[in-house]
Amino acid sequence: MKRKKSILYSKKAAPYIFILPFLLSFAFFWIYPLFSTIKMSFQDIQPAQTTFVGFDNYKKLLIDPAFHIAVGNSFEYMLLTCVILIPIPMLFAVLMDSNLVKAKGVWKAILYLPALTSVVISGTLFRLMFSEYDTGQMNILMHMFGFASIKWLKFKATGLGALLILACWRWTGVNMLYFLSGLKGIDKSLYESAEIDGANAWNKFRFITFPLLKPTSIYVLTISVYAGLAMFLESFMLWAGNSSPNNIGLTIVGYLYKRGIEKNQLGYASAIGLVLLVIALIINMVQLVLNGTFKKEAD
Amino acid sequence: MKKKFLSAFLCISMLATLISGCGATNAASKSGSVKDGGTEGTEGTEAKAKVEVTTAGDSTGAHFQMWSFVAMHNAFYASMVEKWNQENPTKKIYVTFTTYPYADMHDKLLLSLQSGTGAPDLCDVEVGQFPNVVAGEKKWLYPLDDALTPYKDSMVKSRLDIYSKNGHNYGIDFHVGATVMYYNAALLEQYGIDYTQIKTWADYEAAGQKLKEASNGSVYMTSVDTGGTDWMWLAMAEKGEDWTGGEKGKANVELDSVKTMLTMQQKWLKEGIAEISPDGQVDIEAGYQNILNHKVASFPKALWYMSRFLNYMPEEKGNWALAKCPVFEEGDTQSVGIGGTGTVVTQQSKNPKLAAEFLTYAKCSLEGEKQIWEQLGFDVCNTQLWTDTSITQDTSNKYISFFRTNPFDILNSIKGSIGQISVTKISPTINDQMCTTTLNQVLENGKNVDDALKKAQDAIKLEE
């Protein structure tokens, strides 16, 4: 009895006991599936039996046209969201932090609210808004300006546009909050001294705000790269499934879902998942190295 | 003191809302993901898009779970449960029916069969998805051979074979699914066109031209599908071709019949004789609305589409007529069996033998077939019914009185000439390739037919 008590109160064991729940769930839901996926990607999993097929799944990925389309779509989406969803939220954050905007709480709430909605519901509503019929919201807008109805979700350009509008509507608020918290970490006295030296607003932004926001920017860039590549729900809801015309809305994870769940080819789907992991890792490592994240602090 | 009171009050209200949110709802309709064609025009057609749960039978009997993707099917099964309980008081059953949207249900079924838990006792499986489900054979599904013995001889054999594998039968269908041409005779008469004169596709095209001129382009002769392969199946069956290559052969989509049909459809679109079906095909909310708006005057579809008219377009009573499909040349096969729902019994059932007996009673017995015709309007597989004049000439029947022509007359006239396209392991892949990519490329984007089919063939060969 005394021994057991001593373990619970032992200073050495306490940290490990506290992190034990996290470690267990991490091992169970993250590490085990990771290794299991690696194993499955080298197998062909049929309902009756599982056979080892070596690199066949990966070889098939190299010549699979649908996979190439999916990768292309995910890349485009990732690049465009990075281009749109980093500068604009940064601008909004700077505006929120300055004296130019009144009723800041209201604006922050309005911009952040979309992030709280369910992707499923907002995706469905956007799909109805962008429907090809004359009664669709966007087509009513088109008619107001004197244009004809457009089959929004049937063509690449307009479909991608609709997807981006959904993404921006949803994530601007979140990114803006990241940048806002980053801005709070900048010392106000820097701005005062800059003003004394005769800097205008643009100079202040360029020489103080932007460089000091670098850690936050790198963080937002990293998660945007990953989120863009792994996007699934937005496009799944916008086209009500994985069957977008000509696969314009097919993403890597969408294709993984199609192969793994809809067609029950779990081995092939595992291979897709691993390829996604490798692509995201490579891009982010390159990006982090270029940004100097791994350089030692300057002496 | 005030702060303490406020914080206590907030905690209690949080707790209260948390607990009330966890309250369970039983047997009431739950609304799941909404999957519909995105049209604002239709109302009252929610049954198809939500998750619905209903029950039937005697709760003291054996409990079964049954899934389907069509609410009307579940309503039919429920009525058969009551009949079964009346006739088999020692073998009573109690069934909980769930209607899921099409893709959802098949995904859930495959997942539950693969993982070994959570599968229903009975489940509707659409014929196009059947190869994926029957892949598990005896491991996943209970063979229905024994339960079928009393009815086997009167059922159309090819409809039983579709759902069999390696000598065992795993699924039972509702109907033959013979395809006919639906003509809005009232609308065509307005523009001076007599549909009974149309025998070949050339006649059809000529009538379409006449319609376009007479209506100033406001009414199309038909709508062509980018989201369904019915037109292709009809073309192939007429010429005796099959792009799956059958059970033993290799898939080949570069067939003459397919090329001819696609080229013909491209021409129709260009000349304004046809439009592209809104949302891809006619068996969907947007399709029903398009018909109600009198935008299209005809389309080829299986006989089971009659029930869609009664359920979603009742205002069209007395306007529409059924006729044989136009053919390329005289002597061509005149129809093709399309669609089908094979109901399976899973091995995860606690009492698969009883489930199988109920299933064959519901879908093969004379009483069941009669109900299938009367409730669902399907051309049943039990051929005894086709010549039973008490049924086929019963003008009080809601399906016979809806249309200007008698569906059994057409059925009996094409009896020996109903082609069949195999449903094999490669069928879902071909279907997917066609509906997602090829049909869109050819019909929406005007791509060259031969090129598009070659690309499709390459993609499909990858999967074989």
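See the structure above.
Summarised in this report is the structure supplied together with it. (Residues numbered from 1 in each chain as written. Chains lettered and ligands numbered in written order. Predicted model: local features only at pLDDT ≥ 70, side-chain atom pairs only at ≥ 80, totals over all residues.)

**Quick look at the overall build of chain B**
Next up, step 1: Counting its regular elements, chain B contains 20 helices and 14 strands.
Next up, step 2: In terms of overall size, chain B behaves like a compact globule, its C-alpha atoms giving a radius of gyration of 24 Å where 464 residues would be expected to give roughly 23 Å.
Next up, step 3: With the principal axes as the frame, chain B shows a C-alpha extent of 85 × 65 × 50 Å.
Next up, step 4: The buried share among the 464 residues of chain B stands at 48%.
Next up, step 5: Counting contacts in chain B only where the partners sit at least 6 residues apart, residues at least 24 apart contribute 77% of the total. (Helix = DSSP H or I, 4+ residues; strand = E, 2+ residues; numbered from the N terminus. Rg over C-alpha atoms; globule rule 2.2 N^0.38 Å. Buried ≥ 20, exposed ≤ 12 C-beta atoms within 10 Å, placed from the backbone. Contact = placed C-beta atoms within 7 Å.)

**Some remarks on the nonpolar core**
Next up, step 1: Judged by nonpolar contacts, the single largest core of 132 residues is most densely connected at Val258, Leu303, Val345 and Leu359 of chain B.
Next up, step 2: Counting residues domain by domain, this core receives three or more from each of domain 1 (46-175 + 339-387) and domain 2 (179-336 + 405-461) of chain B.
Next up, step 3: In this structure Val258 of chain B touches Met232, Ala235, Met236, Trp243, Val253 and Leu453 of chain B, once residues within four positions along its chain are discounted.
Next up, step 4: In this structure, Ala167, Leu229, Ile252 and Val253 of chain A belong to the second largest nonpolar core, which totals 33 residues. (Core = buried A, V, L, I, M, F, W, Y, C linked by C-beta atoms within 7 Å. Domains from an automatic or database assignment.)

**Points about the sheet that holds strand β10 (residues 298-302) of chain B**
All names here are of chain B.
Next up, step 1: Taken together, the three strands give an open sheet; going across it, the order is β10-β7-β11, and neighbouring strands pair in antiparallel fashion. The outermost strands of the open sheet, each flanked by one partner alone, are β10 and β11 (320-323). Taking each pair of neighbouring strands and ignoring which way they run, the sheet shows an average axis angle of 30°.
Next up, step 2: For strand β7 (residues 179-184) and β11, the ladder comprises four bridges, and the chain directions are antiparallel. The residue bridging Tyr183 from the neighbouring strand is Ala321, located in β11. (Pairing = 2+ DSSP bridges. Axes fitted to C-alpha atoms, helices over the stretch in contact; angles between N-to-C directions.)

**What to know about the packing of helix α10 (residues 230-238) of chain B against helix α11 (residues 256-271) of chain B**
Residues and elements named next belong to chain B.
Next up, step 1: At a closest axis distance of 8 Å, the pairing of α10 and α11 adopts a crossing angle of 130°. Comparing their axes, α11 and α10 come out oblique. The handedness of the crossing between α10 and α11 comes out as right-handed. Contacts between α10 and α11 pair Trp231, Met232, Ala235, Met236 and Glu238 from the former with Ser257, Val258, Thr260, Met261 and Gln265 from the latter. (Parallel < 35°, antiparallel > 145°, perpendicular 65-115°, else oblique. Left-handed = near helix turned anticlockwise from the far one by under 90°.)

**Focus: the interface of chain B and chain A**
Next up, step 1: Opposite the 26 residues of chain B that make contact, chain A presents 25 residues.
Next up, step 2: For the side of chain B that touches chain A, the elements supplying multiple residues, two or more each, are α3 (102-115), α5 (137-140) and α19 (427-444) of chain B.
Next up, step 3: Along the lines of polarity and charge, the residues of the side of chain B that touches chain A split into nine nonpolar, 12 polar and five charged. (Nonpolar A, V, L, I, M, F, W, Y, C, P; charged D, E, K, R; others polar.)

**Quick notes on the sheet that holds strand β2 (residues 62-68) of chain B**
Residue and element names in this part refer to chain B.
Next up, step 1: Sheet architecture is open: five strands sit in the order β1-β3-β2-β4-β13, paired in mixed fashion. Two strands close off the open sheet at either side, each with one partner strand: β1 (52-57) and β13 (341-345). Neighbour to neighbour, the strand axes of the sheet diverge by 20° on average, direction disregarded.
Next up, step 2: Relative to β13, strand β4 (residues 122-126) runs antiparallel, the two being bridged by five bridges. Following the sheet pairing, Cys123 is matched in β13 by Val344.
Next up, step 3: Its contacts with the sheet place helix α14 (residues 352-364) against β2, β3 (93-99), β4 and β13, and it is angled at close to 155° to β13.

**What to know about the pairing of β4 of chain B**
All names here are of chain B.
Next up, step 1: β4 sits mainly inside the fold: four of its five residues count as buried.
Next up, step 2: Summarising the sheet, β2 and β4 pair through two bridges and their orientation is parallel. Opposite Met66, over in β4, you have Leu122 as the bridge partner.

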